[in-house]
Amino acid sequence: MYNGSKIIIGLIIFLAIATFPFYSNIGKSAGVPMPDTNTPVINGLDKKECVASAEYMKKEHMKVLDEWRDEVVREGKRDVINVGGRVFEKSLQNGCMQCHSNKSRFCDECHSYAGVKPYCWDCHHFKEGRI
Amino acid sequence: MGIFFSFFMVILLVLIAYFGIAAAGLHTLFGIIIPYAAFVTFCIGFLLKVIKWGRAPVPFHIPTTCGQQMTLPWINYSKLDNPSSTSGVIGRMILEVFCFRSLFRNLKTGLNNGNISYASDKWLWLAGLAFHYSFAVVLIRHLRFFLEPVPALINTIDSLDGFLQVGVPHFLLSGGVLLIAALYLFFRRTSNPQVRYISLPADYFPLFLIAGIALSGIIMRYISKVDIIKVKQLTVSLAELKGNAPEGIGTIFFIHLFLICTLLVYFPFSKLMHMGGIFLSPTRNLPNDSRIKRHINPWNPEVKVHTYEAYENDFREKMKGAGIPVEKE
């Protein structure tokens, strides 16, 4: 090979970059996130029901919150949501987090796993266990 | 017809992935076996291709006349466009790789009152830059699916990419730019008759494929969402060489993944190898020092020479006898 040493150094750099995910994870535990619904309010419920099914909320909760934000803040529609006799306020802190009061074990669990940084907490101030 | 052939090939790939998952349920095949096979093909194919190129001798430095060559010390010469030293070559290579210097020289040829005229045409350069840089950002962003815990740098890139904070999940600029740039490059190929004339399926196919990858990614993020936690479980297990495909990830994810696998397999055998090839381009990686250093062609056969000195030594007496002047008495 002509200029073999230079080419081989280049190829080693290529391989080091291409296989980066394979060796960078070695020795780090990759626990699967399990969002925790074990809070005093939820445990006290007879019927554990949210504003929508878990399947839907898993994929679309951000959209629900975004729509609520627009309706409440921009359109002034503060009507409540009634699910089987239980009333939910269209609010992150006064709605969702009344039951899901464990931000770090419920919200952050998946968000940090998936590398998602929602900007909810830029404005909403939440202290664990205060609600 | 290259356009339709390439387009339907990509559609066919999408259908293969769709029916493979939605109808046949081949999660292990599409989630683990094909990605591993594609990655191995990519790496080995890339290495073999570069080694093959490396074995080809480069007989002589190829000066490209993009600037004044180094001559006399009092004549300014173009250090980056026509370098004569290794450092100049490194500078030229950096300009080429990071700024696409050659494309910046792109010209548009046209007829102007019956005369051929040339005008600067920077759109290809601009779209090329947008395409490659957004692709790079997309690629780096995707490390969040392979690394656990996600490094802070990846999170920062993600928030910078989505700094507009439009919609939820926030719109990432790089994905949109990638799709638009790929579509522009396609538009350029088809709208310019000369470029269209020389375009082959090998030119259209990667464009459609990458546009398909970008589009399926955008659909997956904003429209038909998938279970991202399960996706990351799959990708992390791939990175840890464990490979277990959890069920219940949306089909669109497997379409996205299958198109990427196709890109990886296609890569080493196609023009996309310019990623490695740019470093082995003789017009970019050789200094223009052909008047400073003597270059010997590596495949020159040994030539037996008979110098005049030796000739005269052999025939001096006979030459003298015939009255032919000699250099040495």
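Reading guide: rules and limits
- Residues numbered from 1 in each chain as written.
- Chains lettered and ligands numbered in written order.
- Predicted model: local features only at pLDDT ≥ 70, side-chain atom pairs only at ≥ 80, totals over all residues.
- Heavy atoms only, no water.
- Helix = DSSP H or I, 4+ residues; strand = E, 2+ residues; numbered from the N terminus.
- Rg over C-alpha atoms; globule rule 2.2 N^0.38 Å.
- Buried < 20%, exposed > 50% of the residue type's maximum accessible area, 1.4 Å probe, protein only.
- Contact = heavy atoms within 4.5 Å.
- Areas by Shrake-Rupley, 256 points an atom, 1.4 Å probe, with all protein chains shown as cover.
- Lys, Arg positive; Asp, Glu negative; His and termini not counted.
- Charge placed at Lys NZ, Arg CZ, Asp CG, Glu CD.
- Expected span 1.5 Å × (residues − 1).
- Bend = angle between axes of the 7 residues up to and from the residue.
- Buried area = accessible area lost by both parts, 1.4 Å probe.
- Salt bridge = Lys/Arg side-chain N within 4 Å of Asp/Glu carboxyl O.
- Polar contact = N/O pair within 3.5 Å; in protein donor to acceptor, adjacent residues only side chain to side chain.
- Core = buried A, V, L, I, M, F, W, Y, C linked by side-chain atoms within 4.5 Å.
- 1 Å grid on protein atoms, 1.4 Å probe; cavity = no way out; pocket = protein on both sides within 12 Å on 5 of 7 lines; lining within 4 Å.
- Points joined across faces, edges and corners; volume = space filled by probe spheres on them.
- Nonpolar A, V, L, I, M, F, W, Y, C, P; charged D, E, K, R; others polar.

### Let's talk about the overall build of chain B
Then, in step 1: Per the secondary structure count, chain B includes 14 helices and two strands.
Then, in step 2: Whereas a compact globule of 329 residues would reach a radius of gyration of roughly 20 Å, chain B reaches 28 Å, over 25% beyond that.
Then, in step 3: Overall, the C-alpha framework of chain B stretches about 105 × 55 × 45 Å when taken along its three principal axes.
Then, in step 4: Looking at the 329 residues of chain B, the share that counts as buried comes to 40%.
Then, in step 5: Here the analysis covers contacts within chain B between residues at least 6 apart in sequence; of these, 65% occur between residues at least 24 apart.
Then, in step 6: If you sum the accessible surface of chain B, you get close to 18,900 Å²; carbon and sulfur atoms cover 69% of it.
Then, in step 7: Counting 29 positive and 18 negative side-chain charges, chain B places the centres of these two groups 8 Å from one another.

### Regarding helix H14 (residues 308-321) of chain B
All names here are of chain B.
Then, in step 1: Compared with an ideal rise of 1.5 Å per residue, which puts 14 residues at 20 Å, H14 spans 18 Å between its outermost C-alpha atoms and is within 8% of the ideal.
Then, in step 2: At Phe 315, H14 shows its largest bend, some 70°.
Then, in step 3: Taken as a whole, H14 has its buried residues at Glu 312, Arg 316 and Met 319.
Then, in step 4: Of the residues trailing H14, Gly 323 is marked for its positive phi of about 80°.

### As for the interface of chain A and chain B
Then, in step 1: With 33 residues of chain A at the contact, the number on the chain B side is 41 residues.
Then, in step 2: With both chains or domains summed, chain A and chain B bury close to 3,300 Å², and 69% of this area falls on carbon and sulfur atoms.
Then, in step 3: It is Tyr 2, Phe 22 and Tyr 113 of chain A in chain A that bury the most area against chain B; as a group they hold 20% of the surface buried on that side.
Then, in step 4: Its salt-bridge partner being Glu 60 of chain A, residue Lys 225 of chain B comes within 2.6 Å of it at the nearest N-O pair.
Then, in step 5: Listed by contribution, the elements that provide at least two residues to the side of chain A that touches chain B are helix H1 (4-18), helix H2 (20-24), helix H4 (54-74) and helix H6 (103-113) of chain A.
Then, in step 6: With six residues, H4 of chain A is the largest single contributor of residues to the side of chain A that touches chain B.

### Here we look at the side chain of Ser 270 of chain B
Residue and element names in this part refer to chain B.
Then, in step 1: With respect to the element layout, Ser 270 can be found in the loop between helix H11 (251-266) and helix H12 (274-277).
Then, in step 2: Relative accessible area serves as the criterion here: at 12%, Ser 270 is assigned to the buried category.
Then, in step 3: Of note is the side chain of Ser 270, whose polar atom sits 3.1 Å from the backbone oxygen of Phe 267.

### Quick word on the nonpolar core
Then, in step 1: Counting 54 residues, the largest nonpolar core has Phe 46, Phe 131, Leu 209, Val 226, Ile 249, Phe 253 and Leu 259 of chain B as its most contacted members.
Then, in step 2: Elements represented by at least two residues in this core include exactly H1 of chain A together with helix H1 (2-23), helix H2 (27-54), helix H5 (123-141), helix H7 (173-191), helix H9 (201-223), helix H10 (228-239) and H11 of chain B.
Then, in step 3: The element that contributes the greatest number of residues to this core is H9 of chain B, accounting for 10 residues.
Then, in step 4: If sequence neighbours within four positions are ignored, Ile 249 of chain B has contacts with Val 226, Lys 230, Val 231, Leu 234 and Phe 254 of chain B.
Then, in step 5: Counting five residues, the second-largest nonpolar core is a separate cluster that includes Cys 110, Tyr 113 and Ala 114 of chain A together with Val 236 of chain B.

### A closer look at empty space enclosed by the protein
Then, in step 1: Summed over the entire model, instances satisfying the criterion amount to one cavity of 30 Å³ or more.
Then, in step 2: Considering only enclosed or pocket space, the largest cavity measures out at about 40 Å³ in volume.
Then, in step 3: Lining the largest cavity, in full, are Gly 115, Val 116 and Lys 117 of chain A together with Asn 155, Asp 158, Ser 159 and His 170 of chain B.
Then, in step 4: Residue classes in the lining of the largest cavity are distributed as one nonpolar, four polar and two charged.

Read these as layout, nothing more, since geometry by itself doesn't imply function.
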